[in-house]
Structures are given as structure tokens and as C-alpha cells.
Amino acid sequence: MKVIKEISAVQDISDYYKCTGKKVALVPTMGYLHQGHTSLMIKAKDENDILIVSIFVNPTQFGKGEDFDKYPRDFARDYHICEKAGADYIFNPETDEMYKENPAASVVISGISDKLEGRIRPGHFNGVATVVTKLLNAVKPDKLYLGQKDAQQNIVIKKMITDLNIDTKAVICETMREESGLAMSSRNTYLTNDEKKKAAVLYFILNEGKRMILKDKNTNAEEIRKHVSGILKEKAPEFELQYYEITDNTELNEITDLKDFEGDVLISLAAKTISTRLIDNIIFYKKKDE
Ligand code: AMP
């Protein structure tokens with residue numbers, strides 16, 4: 001496994017493999033890797049010839065006062081994880097390699113970028129769309145592997161790929177969870193042991209919403225939200241629920257008529273403690289109620 005720091009070098013490597021008929025996959029990450037990341041790497045390596053993992057903590061997707069400076073970083077640890085998972089290359093550019101002085105171009109995906117996470121983190125998805133475009137132009141992968149954990153990010157990236165005719169296929173992989181149900185995340189390292197135990201309630205309340213919709217045939221989103229907020233308050237009072245939204249999984253519009261809705265339902269949430277902010281989601285298919 002080799003580490004590449006320059007954009008031109010990774011472009012040359014990708015060109016070389018592609019012109020010899022090899023399939024190139026990219027798993028983009030911000031490092032501090034866990035089993036969620038390795039599950040993407042294993043699938044990507046299994047379905048392609050060459051696996052490139054990018055590790056880059058992208059400053060432009062962090063807002064003021066967010067955790068860019070304290071975001072966990074440990075390249076030596078990540079190196080071993082990538083090697084074990086079968087990566088061929090790590091693309092690990094410095095910030096000044098990715099962002100040259102005074103950049104004037106950026107990528108804006110309007111509409112869906114302003115909902116859910118975008119409402120709380122304005123500008124976040126412009127940063128994501130821009131850095132993913134730059135990574136795609138550097139690595140030129142046949143396939144891009146993303147985790148379901150970041151549902152809205154996936155929708156933004158897929159829309160960008162379609163709208164801008166980018167020649168890459170996005171593959172979405174399931175969310176890896178701790179035994180408790182807590183979604184794995186680099187940010188879980190911020191949690192105290194007690195918070196980590198209690199954070200499992202977040203997955204529980206996602207499933208509780210699904211149960212209410214599918215089993216109880218509850219069509220009142222407000223009632224569902226009230227019920228799950230009550231559970232969170234009781235079981236994990238240190239978590240503040242920032243949103244708990246029931247939407248479709250393409251435009252991220254709130255489903256106002258749950259009874260008549262047929263298709264994939266996305267329930268997503270964000271919750272905050274003093275130490276960190278976590279997001280999670282589930283997707284399930286719903287038929288129109290008889
Ligand atoms: P990050 O390093 O957090 O920016 O994540 C890089 C990629 O890994 C994104 O596509 C994430 O959705 C994915 N990812 C993060 N956590 C998980 C998880 N628990 N299970 C599966 N994929 C994940």
C-alpha cells in the first residue's frame with residue numbers, strides 16, 4: 001500500500017489502472033477509521049481491482065465553532081486499518097494541496113442542501129459537494145463507496161453526480177453499528193462511557209418511529225415525534241434532540257400524508273450532548289395504508 005500526497009500523482013495512477021482495464025474504487029473519509037469505514041473498503045475492494053482510500057479532514061465543511069480543530073486524527077492507526085482492509089493507496093493530501101490560494105469555484109447543490117443537517121449547519125453541504133468533486137476529479141474512480149450513516153450527504157452527492165454528468169457510480173453501504181445499536185462514528189470518541197451507553201437510545205427511537213408507522217399505522221408525525229422525544233428525555237436526558245424528521249429519501253421533503261405515502265421512508269435525527277453532536281437514520285419501505 002502506498003501513500004499519495006499529490007493530486008497529479010493520484011490522477012496518473014488512476015489513469016494508468018483505468019487504461020489497463022482495471023476498475024478503480026474510492027472510499028472518501030476524514031480518517032480516524034472504524035469498522036464503518038472498513039466495511040466500505042472491503043466491499044469496494046471486493047467489487048473493484050484497485051482501492052483508493054482518501055483521508056482528508058475537509059475544513060470547508062465545518063462551520064464556525066464546530067469541531068474542525070479537535071476532530072480526531074491518527075494517521076499511523078489509519079494506515080494499518082487501510083492496509084488490513086486491502087487498500088492499495090491512501091490519498092492523503094495536505095490542505096494547501098487540495099485548496100490552492102484564493103479559490104473562486106465551488107459546487108452548490110441547492111434545495112436538498114438546505115434541509116435537515118443543512119438547516120443547522122449552513123454551508124456544510126457546499127463544502128461537502130466541493131471537496132467530493134475535487135476528490136472525484138483527482139481519483140477519477142469508477143465507483144464511489146458511501147455509508148448510509150450520512151443519508152443526506154448521499155442524496156446530495158448522488159444529485160451532484162447526476163446533474164453534473166460525473167462519470168462515477170455511487171454505491172451506498174449499510175450503517176455499521178455497535179452491539180448496542182449506536183452507529184459507529186469517529187465522533188463517538190468524544191463521548192464519555194456513560195454517554196456512549198445512553199446514545200444507543202438514538203437508534204432505539206428511530207426504530208420506534210418505524211414501528212409506530214408500520215405496525216401501529218400511526219400517520220401523525222407530530223405524535224411520533226412527541227413520543228420519541230419523551231423516550232429520549234427519560235432515558236438519555238443529556239441528549240438534546242435537534243431534529244427528528246420523517247421524509248422521503250430523494251427530495252427530503254417531510255411526508256405530510258403518511259397514510260397515503262408509498263415508498264422509502266427516511267427517518268433522520270441529530271442529537272447533541274455537551275461533548276458532541278451525533279446523527280443517525282433509518283430507511284424502510286412503506287406501502288400505502290388500506
Ligand atoms: P467520515 O470519515 O465520517 O466522513 O465518513 C466517511 C464515509 O464513511 C462516509 O461515506 C460515511 O457515511 C461512512 N461511514 C461513517 N460511519 C459509518 C458507519 N457507521 N457505517 C457505514 N459507513 C459509515
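Residues numbered from 1 in each chain as written. Predicted model: local features only at pLDDT ≥ 70, side-chain atom pairs only at ≥ 80, totals over all residues. Heavy atoms only, no water.

Caption draft 1: Just the sheet that holds strand S2 (residues 24-29), in detail. The sheet built from six strands is open, its strands ordered S1-S4-S3-S2-S5-S6 with parallel pairing. Among the strands making up the open sheet, the edge pair consists of strand S1 (2-4) and strand S6 (169-173). With direction set aside, neighbouring strand axes in the sheet form an average angle of 25°. The sheet contacts of helix H3 (residues 75-85) involve S1, strand S3 (50-55) and strand S4 (89-91), and relative to S3 the element is tilted by about 160°. Contacting S2, S3, S4 and strand S5 (143-147), helix H6 (residues 124-139) crosses the sheet at an angle of about 150° to S2. (Pairing = 2+ DSSP bridges. Helix = DSSP H or I, 4+ residues; strand = E, 2+ residues; numbered from the N terminus. Axes fitted to C-alpha atoms, helices over the stretch in contact; angles between N-to-C directions. Contact = heavy atoms within 4.5 Å.)

Caption draft 2: Spatial organisation of the sheet that holds strand S9 (residues 277-286). Across the sheet, three strands lie side by side as S7-S8-S9; this open sheet has antiparallel pairing. The open sheet has two edge strands, strand S7 (240-248) and S9, and neither has a second partner. When strand polarity is set aside, the average angle formed by the axes of neighbouring strands in this sheet is 15°. Docked against the sheet, helix H9 (residues 200-214) engages S7, strand S8 (263-272) and S9, running at close to 25° with respect to S9.

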